[in-house]
Every structure is written in C-alpha cells, then in structure tokens.
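Chain residues, written in single-letter form:
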Amino acid sequence: MASSSSGLTFKLHPLVIVNISDHHTRVKSQSQPPPNLPAPRVFGCVIGVQRARTVEIFNSFELLYDSSTRSLDRSFLEKKQELYKKVFPNFYILGWYSTGADAEESDMHMHKALMDINENPVYVLLNPLINHTQKDLPVTIYESEMHVIDGIPQLIFARSSYTIETVEAERISVDHVAHLKPSDGGSAATQLAAHLTGIHSAIKMLNSRIRVLHHYLNAMQKGEIPYENSLLRQVSSLLRRLPAIESEKFQDEFLMEYNDTLLISYLAMFTDCSSTMNDLVDKINIAYDRHSRKGGRTAFI
Amino acid sequence: MNLNVNSVDSLVTEIQGLSGSSQDVAHLNNLLKQSEDTIRSQAATFASCLTLLDPSVHSLGYLYILEACTAGPVPEAQANELILPVVRFIDVCNVEQIRLASDKFISVCKRLHELVMILNAPMRAVGPLLTAILKIQPSPEHLTPLHPDFLQVCLLAKCYKIGYSILEDDICEVDQPRDFFLYCYYGGMICTGQKRYAKALELFHNVVTAPMSTMNAIAVEAYKKYILVSLIHLRQFSANFPKYTSSVAQRNLKNFSQPYVELAISYSTGNISELKAYVQANQERFENGNNLGLVKQVVSSMYKRNIQKLTQTYLTLSLQDIANTANINTPKEAEMHVLEMIEDGEIYATINQKDGMVRFLEDPEQYKTCEMIEHIDSSIQRIMKLSKKLTTTDESLSCDPLYLSKVGRERQRFDFDDFDNVPQKFNL
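This text gives an overview of the structure that appears in the document. (Residues numbered from 1 in each chain as written. Chains lettered and ligands numbered in written order. Predicted model: local features only at pLDDT ≥ 70, side-chain atom pairs only at ≥ 80, totals over all residues. Heavy atoms only, no water.)

## Concerning the overall build of chain A
At step 1: Secondary structure assignment for chain A yields seven helices and 11 strands.
At step 2: For chain A, the proportion of its 301 residues judged to be buried stands at 25%.
At step 3: Once local pairs closer than 6 in sequence are excluded, the contacts in chain A between residues at least 24 apart make up 61%.
At step 4: Here chain A has roughly 21300 Å² of accessible surface; of this, 58% comes from carbon and sulfur atoms. (Helix = DSSP H or I, 4+ residues; strand = E, 2+ residues; numbered from the N terminus. Buried < 20%, exposed > 50% of the residue type's maximum accessible area, 1.4 Å probe, protein only. Contact = heavy atoms within 4.5 Å. Areas by Shrake-Rupley, 256 points an atom, 1.4 Å probe, with all protein chains shown as cover.)

## Topic: the pairing of strand S7 (residues 92-99) of chain A
Residues and elements named next belong to chain A.
At step 1: Judged by how many residues are buried, S7 sits mostly within the fold: seven of eight residues are covered.
At step 2: As paired elements, strand S3 (residues 43-51) and S7 share six bridges and run antiparallel to each other. Paired with Ile47 across the strands is Ile93, a residue of S7.
At step 3: Summarising the sheet, S7 and strand S8 (residues 122-126) pair through five bridges and their orientation is parallel. Residue pairing for S8: Ser98 is matched across the bridge by Leu125.
At step 4: In terms of handedness, the path from S7 via helix H3 (residues 107-114) over to S8 forms a crossover that is right-handed. (Pairing = 2+ DSSP bridges. Right-handed = clockwise from strand over helix to strand, strands pointing away.)

## Some points on a nonpolar patch on the surface
Residue and element names in this part refer to chain A.
At step 1: Together, Leu192, Leu196, Ile199 and Ile203 make up an exposed nonpolar region whose accessible area comes to about 360 Å².
At step 2: As for its position among the elements, Leu196 is in helix H5 (residues 188-222).
At step 3: The exposure class assigned to Leu196 is partly exposed, which follows from its relative accessible area of 45%. (Patch = residues over 30% accessible without salt bridge, like charges linked within 9 Å, V, L, I, M, F, W, Y side chains within 5 Å. Salt bridge = Lys/Arg side-chain N within 4 Å of Asp/Glu carboxyl O.)

## Brief notes about the packing of helix H10 (residues 123-136) of chain B against helix H11 (residues 146-157) of chain B
Residues and elements named next belong to chain B.
At step 1: Two numbers describe how H10 lies on H11: the axes approach to 9 Å, and their chain directions differ by 155 degrees. One element, H10, and the other, H11, form an angle in the roughly antiparallel class. In the crossing of H10 with H11, the sense of the turn from one axis to the other is left-handed. Contacts between H10 and H11 involve Met123, Ala125, Val126, Leu129, Leu130, Ala132, Ile133 and Ile136 from the former and Leu146, His147, Asp149, Phe150, Val153, Cys154 and Ala157 from the latter. (Axes fitted to C-alpha atoms, helices over the stretch in contact; angles between N-to-C directions. Parallel < 35°, antiparallel > 145°, perpendicular 65-115°, else oblique. Left-handed = near helix turned anticlockwise from the far one by under 90°.)

## Some remarks on the side chain of A:His13
At step 1: Here A:His13 shows up in the loop between strand S2 (9-12) and helix H1 (14-31).
At step 2: Here the side chain of A:His13 touches A:Glu165 through a polar contact of 3.3 Å, landing on its backbone oxygen. (Polar contact = N/O pair within 3.5 Å; in protein donor to acceptor, adjacent residues only side chain to side chain.)

## Some words on unusual backbone geometry
All names here are of chain B.
At step 1: If you check the backbone angles, Lys195 has positive phi at about 65 degrees while not being a glycine.
At step 2: Mapping Lys195 onto the fold places it in the loop between helix H13 (177-193) and helix H14 (197-209).
At step 3: Accessibility expressed as a relative area gives 51% for Lys195, which makes it exposed.
At step 4: Unusually for a residue other than glycine, Arg235 sits at a positive phi of about 65 degrees.
At step 5: The buried category is assigned to Arg235, whose relative accessible area is 10%.

## Digging into the pattern of salt bridges
A side chain of one charge can pair with a side chain of the opposite charge when the charged atoms of the two come close.
At step 1: The tally for this structure, following the rule as stated, stands at 11 salt bridges over all chains.
At step 2: Of the charged contacts, one joins B:Lys224 and B:Glu221 as a salt bridge, the two residues approaching to 3.4 Å between their closest N and O atoms. Taken together, the residues B:Lys224 and B:Glu221, both in helix H15 (residues 217-233) and three residues apart, mark about one turn of the helix.
At step 3: With relative accessibility at 12%, the residue B:Lys224 sits in the buried group.
At step 4: The structure contains a network of salt bridges with shared partners spanning A:Asp22, A:Arg26 and A:Glu62.

## Re the interface of chain B and chain A
At step 1: Each partner contributes to the interface: chain B provides 30 residues, whereas chain A provides 28 residues.
At step 2: Carbon and sulfur atoms supply 71% of the area that chain B and chain A bury against each other, a total of about 2800 Å² over both sides.
At step 3: Linking chain B with chain A are one salt bridge, by the criterion used here.
At step 4: In this assembly, chain B and chain A are joined by one residue pair in polar contact (both at pLDDT 80 or more).
At step 5: When residues of the side of chain B that touches chain A are traced back to their parent elements, those giving at least two are helix H23 (370-398) and helix H24 (401-409) of chain B.
At step 6: For the side of chain B that touches chain A, the leading source of residues is H23(B), giving 16 residues.
At step 7: When the residues that make up the side of chain B that touches chain A are grouped by side-chain class, the tally is 15 nonpolar, eight polar and seven charged. (Buried area = accessible area lost by both parts, 1.4 Å probe. Nonpolar A, V, L, I, M, F, W, Y, C, P; charged D, E, K, R; others polar.)

## Some details on the environment of B:Lys104
Residue and element names in this part refer to chain B.
At step 1: Locating Lys104 in the fold gives a position in helix H9 (residues 102-119).
At step 2: Assessed through its relative accessible area of 9%, Lys104 is described here as buried.
At step 3: Each C-alpha atom of the pair Lys104 and Ala68 lies 9.4 Å from the other, and the pair is 36 residues apart in sequence.
At step 4: Leaving out residues up to four positions away in the same chain, Lys104 has contacts with Glu36, Arg40, Leu63, Tyr64 and Glu67.

## Some words on the packing of aromatic side chains
The geometry of an aromatic ring pair is captured by two quantities: the separation of the ring centres and the angle between the planes.
Residue and element names in this part refer to chain A.
At step 1: Under the definition given, this model contains 20 aromatic pairs over all chains.
At step 2: Plain terms: the ring middles of Phe58 and Phe91 are 4.8 Å apart, the flat faces sit at 15 degrees to each other, and that makes the pair stacked. Linking Phe58 in strand S4 (residues 54-62) with Phe91 in the loop between helix H2 (74-87) and S7, this pair joins segments that are 33 residues apart in sequence.
At step 3: With 4.9 Å between their ring centres and 20 degrees between their planes, Phe61 and Tyr84 make a pair best called stacked. Pair noted here: Phe61 is in strand S4 and Tyr84 is in helix H2, with a separation of 23 residues, a long-range link.
At step 4: Under the relative-accessibility criterion, Phe61 is labelled buried at 3%.
At step 5: Taken together, the ring pairs in this structure connect Phe43, Trp96, Tyr123, Tyr142 and Phe157 into an aromatic cluster. (Phe/Tyr/Trp six-rings, centres within 6.5 Å; stacked < 30°, edge-to-face > 60°.)

## Observations regarding the packing of H13(B) against H15(B)
Residues and elements named next belong to chain B.
At step 1: Where H13 contacts H15, the two axes come as close as 10 Å, and the packing angle between them is 30 degrees. Relative to H15, H13 is oriented roughly parallel. Judged by the sense of rotation from one axis to the other, the crossing of H13 with H15 is left-handed. In contact with Phe181, Leu182, Tyr185, Met189 and Thr192 of H13, H15 contributes Ile218, Glu221, Ala222, Lys225 and Val229.

## Some thoughts on the sheet that holds strand S3 (residues 316-318) of chain B
Residue and element names in this part refer to chain B.
At step 1: If you trace the three strands from one edge of the open sheet to the other, you get S3-S5-S4, paired in antiparallel fashion. The open sheet has two edge strands, S3 and strand S4 (349-352), and neither has a second partner. Neighbour-to-neighbour, the strand axes of the sheet open up by a mean angle of 20 degrees, direction not taken into account.
At step 2: Where helix H22 (residues 331-344) meets the sheet, its contacts fall on S4 and strand S5 (357-360), and the angle it forms with S4 comes to roughly 145 degrees.

## Concerning the side chain of A:His24
At step 1: The residue A:His24 is located in helix H1 in this model.
At step 2: A:His24 sits in the buried class, given a relative accessible area of 8%.

## Notes on the nonpolar core
At step 1: Core analysis: the largest hydrophobic core is formed by 118 residues, its most contacted members being B:Phe105, B:Phe150 and B:Ile322.
At step 2: It is H15(B) that contributes the most residues to this core, 11 residues altogether.
At step 3: If we ignore the near neighbours within four places in the chain, the residues touching B:Phe150 are B:Val126, B:Leu129, B:Leu130, B:Ile133, B:Ile162, B:Gly163 and B:Ile166.
At step 4: With 21 residues, the next largest nonpolar core counts A:Tyr65, A:Met108, A:Tyr123 and A:Leu125 among its residues. (Core = buried A, V, L, I, M, F, W, Y, C linked by side-chain atoms within 4.5 Å.)

## Some remarks on helix H17 (residues 258-269) of chain B
Residues and elements named next belong to chain B.
At step 1: Spanning 12 residues, H17 covers 18 Å between terminal C-alpha atoms, matching the ideal 16 Å at 1.5 Å per step.
At step 2: Three or more residues of H17 are buried, namely Pro259, Tyr260, Val261, Leu263, Ala264, Ser266 and Tyr267.
At step 3: Just downstream of H17, Gly270 is the residue with a positive phi angle, here 90 degrees. (Expected span 1.5 Å × (residues − 1).)

Honestly, it's all geometry; don't read function into it.
Structure follows, in structure tokens:
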C-alpha cells in the first residue's frame, strides 16, 4: 500500500473510533464465534464534512452487509442516510469503515460500490487485535488512487495520515468511557483506590517531566548544552503561570490541612493496627488459653 | 580430628591455623567444643597462651581459653588482673566468631560483671558491657542476658545516660523471662533517674503485667515504684489492674506493698499536710524499700496536682486564692510553683504580677507548623513498622499447630462427615 499523495488532510473524531469498536465488540459477543477463528468483520459508513482540502470525519453508522453474497443493502443505506441528514444537515457520507488487520482486495468491491455516493470515498480500518507494544491507535485511513500497474489502470488503496480532533464534549465522554472498568459495582474502596491510582500516576508523570526539564536547565547553566532561547522563554512563561500565593495565611491554612490529612492517615493506620492486634489476641486466646471457656460452644448437631 | 591440647604451643598453632575463613572457624568451633573439658581442666597452663593469641583475629580460640580461665572461683587479689584481658578482648573481638559461641561469651561477660562487683568498681564495666551487648545482639530488638547486668552496673555507677541509650530500642524478642523482668525494672529505675517518667511508667507497667506463674520479688519492687512514679507523673493512681495481668499478680501484689497503696489513697484526697504526716509516720518502711527519695518527690508533686486541678475549674484566679485552695503557704510560693509548671510546659497560663492574677489558657498548639508535620510523619512511620510486625506475628500464629488443632476441634459440624479426626478442614 502506497502512501497517499492527494494532499488531503484528514481529521478523525474519537466518536468514530468508539463507534467502530463498539460495533465490533457487540457483533463479536453476540455471534459467539469459536475462539480460533477471527471475529467477523463489521462494516459501516462514516459521515462528516469536507471543506476544501480538509476532510473531517465526525460520525459513523452501521451497514447491513452480507459477506457471503457480497451485497450491500442499499435501501437500508438510503434510509439511514435520510435519517442522519435530518439531524445533521451538514454531514455527507465520506466513506466507509471496517475491522481487520489489513486492507484486503475484496474491500475494493465495497469501495467501488460507495463510489456512486461519494466519488472519492475514504476507507477507515480498525484493527481490533490489541497490541500492547504498539503505542499508536490501530486505526488507518486509506484513500483510493488510480495507478497504472502492468499496463492496466487500477484502483489501489493508499494510506494517508490523519489527526485526531476533539470537541470538549467528546473529550469528557471518551474519558468517562475509558475509565469504565468491568468491576463488581465498584465499592467505595475500589473507587477510591482507582481514583488515587490515577492521581498517583499523573503526579509521577509530572514529576518525571519536571525532573527532565530541571536536568536540562542545569546542564544548560553549566554550559554543557548550548543556550536555546526559545525553550528558555517557554520555561519562564510556564513558571510565571504557577500560583503566586505566598502570604502567611495561605501557609497556615495549607499546613493545617496537610496536618489534618496526615492525622487522618495516622488514625487509619491505628485502626488497622488495632484490628490486627484484636485478631492476634483472639488467636492467642484460642491457642493458649488453659482455662476452657465456660459455656463455650459444644459442637454437636 | 581432635585438637592437640597436650601442649600450649600446639594448641596455639592449631587455633592460629584455623582462624582464617568462616568455614575454618566453624570447624574450629566444633573441635573446641569437643575438647572443652580438657581445656577447662588445664586452664591454668593455658593462661599463658592468651598472650600468644591475637583476640581480634583468633577470637574464638581466645574466647574458649578465656572462659576456661575465668570459670573457677577467683580470689579478690587476682580479680584486677583478670579484668584487663577480658575488657580488652571484648573491645576488639570479632563479631562473627563470637556469635558461634554466644553462650560462652555471655558467661565471660557475666564473670566480668561479678568481678567488678567484687572490686566495687562498677564504672569499669560500663563501657565493655555496652560494647558486648552491641556485638552479641542479633538485632537491636533482641534482649540478651547481658542487658540487665549492664543496666545494673550503670545504676551503681550512676551513668544514667549511657544506660538510657540502650533503653531507647524497643524490645521484641526475649529469651529468658528473668532477663526481661530485671531489664524492665532496672530500666525503669534509670528512666526515673533521668526524670523521664513516661518511659519509666511504661517499663514498670511491663513488669507488673508480665505473665508470671508465681510471685516474684522483682515484680513486687516494681509495683511499689510503679505506684510512686504514677503519682509523680500522672498525679493519680488507679488500683485496678489491667485485664491482661496475671491472676497471681492481681491477688498478691497489693498485699506486699500495703504502705504504698495507702500513700496513693491519701494522695488522692489532695490534702498536703495529711500526706506529709503519713510519710513521716511510715518513713522507716519507705527507707527500707529504698524509695524515700521518690516518696519525697511525690509530696512535692502534690502542689502541682492541686494547681492543675484548678486549671480545669477556673479561667482566672488570684495568687492568694491559689495558695488557699492548693494548701500552699504563701502567694509567693504559689507563684513560684505556677512559674515552674509553665516553664515545664505542664500548664498554659500567664501571670499578671501587677494585680496578682493568673489566667489559664488553652493549649496554643495550632498544628500548623512544619515540625508538627515531621512529628506526625515519624509517628506514622513507627506505626507502620509496628503494623508490619503485628501482621507477621499474626500470620505465624495462624500456622501454629496448637492453634490449628483447637480451631479445628470447635468448628461447626453440619454433616456426619465433619466428625472425623481433627484437623482436616480449617475454617481460617
């Protein structure tokens, strides 16, 4: 697959990605395929806006596609298109999506089928296999290009780069979805633990980044690295944005609250210790108490 | 292979030869153990080979010979000579080699202790015994038989500070109960000498509530001092024993310390003159218990108790009224007492000298300072360590077969199958 040379910039919204993955997961869990076979592929349409050279993909919906006969349910597609037009009058069908590891030859059929709706559709491919080593999103966007191969002009898929674009509302909802864990109702303890773990990792990351900056600035000061004024300007503007409360009252309040939190954790440790001690004493009493308990349990039916 | 103990030189060469690596030393240890009796019987002849051996390198061999030399009764004249090599040995000996024959080391140190007692020079043993304890302790939480000896020597030599340094470590492992009793008793006395009454109270409390099957004199003496220190420090004394005190102690301790209990009762009335009269009447008995000094301190703490009671009732009070209510003779004396207490941090007050009024204040601690953060932080660390210790003890007890058998026996049986031999199912 070549990389695209059409010069179009693609912007993908996270809603599309969530939709595709949701569709795939639903189909996979409902159809219950045997474990060795790959999950069935899902298909759908992506819709959005195209302005000049920028293609922005906002939303997506599912399509009925019969993979045995390779036929697309046209009436369904049209009905859906009408519905979406009513809600989002600006959005056009920009292309289609599917799941899988790589684009296949059979996908060209689908691509050509959509060409009568949009003369240059895009193909969004999501790889549902989770690869922990891979840091990027497993989403690729393909365009179709006419190339002359062996004397025959053919349409082939060409990969294009894209950026992720979010609106504030999308960011909040995606964040929420990302934090959903399949826990047992999430008791207070696990929620607190999850919350604190999140904060802890955030602070750890912040700490390591500040350390890197600090080290860098130190080296610059010692003269090991040449001065880079733009970076220094950025750092100084960052520092100026820090909270500038230095008053006596702030210190007092801050220290008082800090001490309160420490006292609470001290109290928690105390309680923990007392409960361990209690268990220990019970065990010792059972094990080493020479006087049998008066009226103790006599275990008979 | 037996050691060749026939002549001094052969023994020396063997010891020197086998003091190289740790395996050699272990081997040497076994050999020495086998020839222990022969060494002991010929102790006099071997005394000369002490000079040939270097205690820092050949510690184990030196130790065996030294122990043999000091085992028999020593006349007073020779005691002095014998102390020097022992002291030197303790200073320079090698820790790993010593630990292989720890009981011998302990007996050597105990002999040192006896020798200095005979010579009536306890100061000489303070340093060596401290080094000895530090060397032989497997960890700072172990109690060795040397601890009470060391504390006793410190008490007699009046070196309270050094003794206190040993007391700062918390003890978690105890070998012999007698050591524990003595350690806590002497430790309590050292703390009282240093005026750290809180720790003294804790140590005496440990002695009184320690498990004991029969009455012992240490506990009785400790109980007497416990009453006195609690009166000085806490300004009150509760005669109820905590639940975990052994029944033996609960029944008998009060009988043995009758005058002290009565002292506590008269203290609680708050009447100074009555207290003084009682002390006067029983002075001899207090003296016999070597507690007269403490009793006098109890009397002087009575003033403080009365003043402290006043802080709970009044916001401001004149010095004259304080003198009257607290049975103090003059307002000047009352002012002096109040000033002392403010300096010690026992009460919070301001004295207005113009009109002779004292104003009692609240605790000004705002918990806003960085020192408070460090204080709480260190407390949290301590309690985390304690918690870890408790969980390990708890887990080890859960695996104890005695405990498991008892738990298994009394589990609920719902089924005929449950009546088989115990333990099979564990409801842990």
